[in-house]
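Architecture and fold: a report
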Amino acid sequence: MKTMSDVIPTLKRDYIYNLMVKGKRLDGRGFEDFRDIKLETNVIAKAEGSAKVTLGKTQVLVGVKLQTGTPFADSRDEGVIITNLELNPIASPSFEPGPPREEAIEMARVVDRGIRESGAIDINKLCITEGESVWIAFIDIHVLNDEGNLIDASCLAAIGALMTTMVPNEMAGVGEDAPLAMKEMPVGVTIAKIGGKLMVDPGRDEEAVCETKLTVVSSSDGSVNGMQKIGSASLTEDELLEAIELARKKAEEIREEFLVGLERKD
């Protein structure tokens, strides 16, 4: 026998499907439309760089902290990047206190992979003394409110925070802090498949009923730096190519509007 908790998702799924047949979504957006995006930088005074992204009602805060440490043995002249993501219990009733959940680890890896594979940070310039001392960049992502599509908000907030990060001067107080050396602006875009149709920026209700999601992280030349699929449903070759092309297109729009020309302002 079905319980009320079983019936409500079924009704919601049917309602979302019926809207999609008419080319509509729950909030009236088109299939290629993002919710309103707001990017604020330098929002944490004690961090070397920070950003807050509001995507619809989803909110993500990122702080970047730099500290000195030793390089890895196989990369003696390269700095270190460590990305963490925290699903704060205040952000959603489904988030609980305790060790990082598998979902949080997975999202952190997607953000981290996009930054590394795109070469976003010039990690050689984070080297202080080869083989002895480098800068370690900690990218800490905090989810403040979950109304869907945390990964895209996290990717944008992370790159926004990095682009406004200042590296402390290491010459015994001589000179000034310098901007973190950035070479690329990777942007993540998530595509959801519902009823055989593809749409960008799924809201929380859409995520609850979608068959699968594909996050594509791409850089300014259109190259794909990372992909992550979540969900059991498959994508055909045509759907995969369509999703990648759509993600690259939307990433370029977001990059041009929010990241190009972004710099630290104290």
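A quick note: this is a predicted structure, and the numbers were derived from the prediction, not measured.

Thoughts on the overall build of the chain
Helix and strand counts for the chain come out as five helices and twelve strands. Rg of the C-alpha trace for the chain: 20 Å, near the compact-globule value of 18 Å for 266 residues, within the 12% margin. Along the three orthogonal principal directions, the C-alpha set of the chain runs to about 70 × 40 × 35 Å. Within the chain, the proportion of its 266 residues that are buried is 47%. Intrachain contacts of the chain at a sequence separation of at least 6 include 67% that bridge at least 24 residues. Computing the positive centroid from 31 side-chain charges and the negative centroid from 46, the chain places the two 6 Å apart.

Comments concerning the sheet that holds strand E10 (residues 197-200)
The strand order across the open sheet formed by four strands is E10-E9-E11-E12, and the pairing between neighbours is antiparallel. Every other strand in the sheet has two partners, leaving E10 and strand E12 (224-230) as the edge strands with one partner each. Strand after strand, the sheet turns through a mean of 20 degrees between neighbouring axes, direction not considered. Against the sheet, helix H2 (residues 102-118) touches strand E11 (212-218) and E12, its axis set at about 165 degrees to E12.

Here's the deal with unusual backbone geometry
Of note, asparagine 149 is a non-glycine position whose phi angle comes to about 60 degrees, a positive value. Within the fold, asparagine 149 resides in the loop between strand E6 (133-145) and helix H3 (150-163). According to the relative accessible area criterion, asparagine 149 is buried, its value standing at 0%. Non-glycine residue aspartate 201 carries a positive phi angle of around 50 degrees. Secondary-structure assignment places aspartate 201 in the loop between E10 and helix H4 (204-209).

A short note on the pairing of E6
Of the strand pairs in this sheet, strand E3 (residues 58-69) and E6 are connected by eleven bridges, and their pairing is antiparallel. Opposite glycine 63, over in E6, you have aspartate 140 as the bridge partner. Alignment of strand E4 (residues 80-87) against E6, held across eight bridges, turns out to be parallel. Paired with threonine 83 across the bridge in E6 is isoleucine 139. Sheet analysis places strand E5 (residues 127-129) next to E6, joined by two bridges and oriented antiparallel. Residue pairing in the sheet places cysteine 127 in a bridge with valine 134 of E6. What sits between E5 and E6 in their antiparallel hairpin is a turn of three residues, with glycine 131 showing a positive phi close to 80 degrees.

Quick word on the pairing of E10
Direction of pairing for strand E9 (residues 187-194) relative to E10: antiparallel, over a ladder of four bridges. When the sheet's bridge partners are listed, isoleucine 194 is paired in E10 with lysine 197. Connecting E9 to the next strand, E10, in antiparallel fashion are two residues, including glycine 195 with a positive phi near 60 degrees.

Re the pattern of salt bridges
Applying the stated criterion across every chain, the model contains 14 salt bridges. Here arginine 29 ties to aspartate 27 by a salt bridge, and the two come within 2.8 Å at their closest N and O atoms. Two residues, arginine 255 and glutamate 252, come together in a salt bridge whose shortest N-O distance is 2.6 Å. Of this pair, arginine 255 and glutamate 252 both sit in helix H5 (residues 237-259), three residues apart, which is roughly one turn of that helix. One network of salt bridges, with partners in common, ties together Arg25, Asp27, Arg29, Arg35, Asp201 and Glu206.

So, the nonpolar core
Judged by nonpolar contacts, the single largest core of 59 residues is most densely connected at Ile115 and Val189. Here the element with the most residues in this core is H3; it accounts for eleven residues. With residues up to four places along the chain from it excluded, the contact list for isoleucine 115 reads Ile81, Ala120, Ile121, Ile139, Ala158, Leu162 and Pro186. With seven residues, the next largest nonpolar core counts Ile16, Ala192, Ile194 and Cys210 among its residues.

Considerations on the packing of H2 against H3
Packed helices, taken two at a time, are described by the angle between their axes plus the distance between the axes. Direction vectors running N to C along H2 and H3 enclose 45 degrees, while the axes themselves pass 10 Å from each other. One way to sum up the angle between H2 and H3 is to call them oblique. When you trace H2 past H3, the crossing you get is right-handed. Facing Met107, Val110, Val111 and Ile115 of H2, the residues of H3 in contact are Leu150, Ile151, Ser154, Cys155, Ala158 and Leu162. Considering only residue class, the contact of H2 with H3 consists of nine nonpolar, one polar and no charged.

Parameters and conventions
Residues numbered from 1 in each chain as written. Predicted model: local features only at pLDDT ≥ 70, side-chain atom pairs only at ≥ 80, totals over all residues. Heavy atoms only, no water. Helix = DSSP H or I, 4+ residues; strand = E, 2+ residues; numbered from the N terminus. Rg over C-alpha atoms; globule rule 2.2 N^0.38 Å. Buried < 20%, exposed > 50% of the residue type's maximum accessible area, 1.4 Å probe, protein only. Contact = heavy atoms within 4.5 Å. Lys, Arg positive; Asp, Glu negative; His and termini not counted. Charge placed at Lys NZ, Arg CZ, Asp CG, Glu CD. Pairing = 2+ DSSP bridges. Axes fitted to C-alpha atoms, helices over the stretch in contact; angles between N-to-C directions. Salt bridge = Lys/Arg side-chain N within 4 Å of Asp/Glu carboxyl O. Core = buried A, V, L, I, M, F, W, Y, C linked by side-chain atoms within 4.5 Å. Parallel < 35°, antiparallel > 145°, perpendicular 65-115°, else oblique. Left-handed = near helix turned anticlockwise from the far one by under 90°. Nonpolar A, V, L, I, M, F, W, Y, C, P; charged D, E, K, R; others polar.

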